[in-house]
Amino acid sequence: MLTVQHFLFNILSINSILSSLPSTLSRREAELILAQAMGATREWIIAHPEAELNEDQHTRFDMMIAQMSRGMPLPYVLGEWEFFGLAFKVNPHVLIPRPETELLIETAIRYQPFAICDVGTGSGIIAITLATKLNDAEIFATDISEEALKVSKENAQRHGVADRIKFIHGDLLEGVDKVNMICANLPYIPTQELETLEVIRHEPRLALDGGDDGLRIIERLLDAARDHLLPHGVILAEIAANEGEAALSLAKNYFPTAESEVKKDLAGLDRLLVVSS
């Protein structure tokens, strides 16, 4: 058997032969892969460098390194990723959670909504996180992808909120009652730009392609929201950093009497469209 310390040393020294890796394997990535292979936490790996790997763990480790060598993103290799302090199952049917979406969660919590719809739920990070933070809220989660809904339902079970969320297979707000908050992290990358990005190689096009200007699906949501948003309701929609002005224009077109603004993320970039009707 080989120890954790031995494996970490060798992972970091064999980078040169993993020529197809998209970037150098960092110490943190090495620790996360080892932890997953051993069914442990990264903290445990760090605290137990003398621990030994058995044959099955060695095999799992080799398989994950092979996946990374083919360019698979680390979250998909691990099969889960953290968001807002919670671990979520992820696979190539859903987007990898990103920290920018935490702005939407923080904003939603401040409103204390009682009826929420998470449109395009994907892995369920928005609906599930809000269910853990807003104990009395009624929550709907929709997605056009049945495979994505399977993942979100598993995540809801994992976090003990499956009975709090009504999952709906449908386009945007189909099958949803009236709510006082609509949350969405919908596709917002322009089609032409998407073709130049690495993300399209591994993450689902259905969750990325926002049409010719990146805002086609968000515009459809704003249009549909007029029939589903209760008086004094709020829409929170994540957008690309260069879409703030155009998103505000759309919001004012569909909700001319509402207060609309774009909030910036921690990097100072436009990130969240907020429409308060």
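Here, the structure is the one placed above.
Report on the accompanying structure. Everything quoted here is computed from the prediction, not taken from an experiment. Counting restarts for each chain: residues are numbered from 1 in the order of the written sequence. At least 70 in pLDDT is required for a residue's local features to be given in this predicted model, at least 80 for side-chain atom pairs to be given and counted, and no such filter applies to totals for whole chains, interfaces and linings, which use all residues. Note that water and hydrogens are dropped before the side-chain values are worked out from all heavy atoms of the structure.

**Some words on the packing of helix α2 (residues 27-38) against helix α4 (residues 55-69)**
- Axes, fitted as lines to C-alpha atoms, cover a helix only where it is in contact. Angles between the N-to-C directions of the axes lie from 0 to 180 degrees. Strands are runs of DSSP state E lasting at least 2 residues, helices are runs of H or I lasting at least 4, and numbering of each runs from the N terminus. Taken N-terminus to C-terminus, the directions of α2 and α4 make an angle of 135°; their axes are 8 Å apart at the nearest point. Here α2 is positioned oblique relative to α4, judged by the angle of their axes. Where α2 crosses over α4, the handedness of that crossing is right-handed. Where α2 approaches α4, its residues Glu29, Ile33, Leu34, Gln36, Ala37 and Met38 are matched on the opposing element by Gln57, Arg60, Phe61, Met64, Ile65 and Met68.
- Considered class by class, the residues forming the contact of α2 with α4 number eight nonpolar, two polar and two charged. These descriptions rest on fixed angle ranges, namely under 35 degrees for roughly parallel, over 145 for roughly antiparallel, 65 to 115 for roughly perpendicular, and the rest for oblique. Rotating anticlockwise by less than a right angle from the far helix to the near helix defines a left-handed crossing, while the corresponding clockwise rotation defines a right-handed one. Two residues qualify as a contact provided that any one of their heavy atoms is within 4.5 Å of a heavy atom in the partner residue. Amino acids outside the nonpolar list (Ala, Val, Leu, Ile, Met, Phe, Trp, Tyr, Cys, Pro) and the charged list (Asp, Glu, Lys, Arg) are all regarded as polar, and Gly is one of them.

**Some remarks on the environment of His159**
- Locating His159 in the fold gives a position in the loop between α8 (146-158) and β7 (165-169).
- The classification of residues rests on relative accessible area computed with a 1.4 Å probe and restricted to protein chains. Under 20% of the type maximum is buried, over 50% is exposed, and intermediate values are partly exposed. In this structure His159 comes out as partly exposed when scored by relative accessible area, which is 21%.
- The spatial distance from the C-alpha of His159 to the C-alpha of Ile45 is 24 Å, given a sequence separation of 114 residues.
- The residues contacting His159, other than those within four sequence positions of it, are Leu86, Ala87, Phe88 and Ile128.

**Looking at the pairing of strand β4 (residues 86-89)**
- Side chains Leu86 and Phe88 project from β4 onto a buried face, and the interleaved Ala87 and Lys89 project onto a face without burial.
- Strands pair, by our definition, only if DSSP identifies at least two bridges between them. Note: strand β3 (residues 80-83) against β4, four bridges, orientation antiparallel. Among the inter-strand pairings, Glu82 is bridged to a residue of β4, identified as Ala87.
- Counted along the chain from β3 to the antiparallel partner β4, the turn is two residues long, and its residue Phe84 has a positive phi close to 50°.

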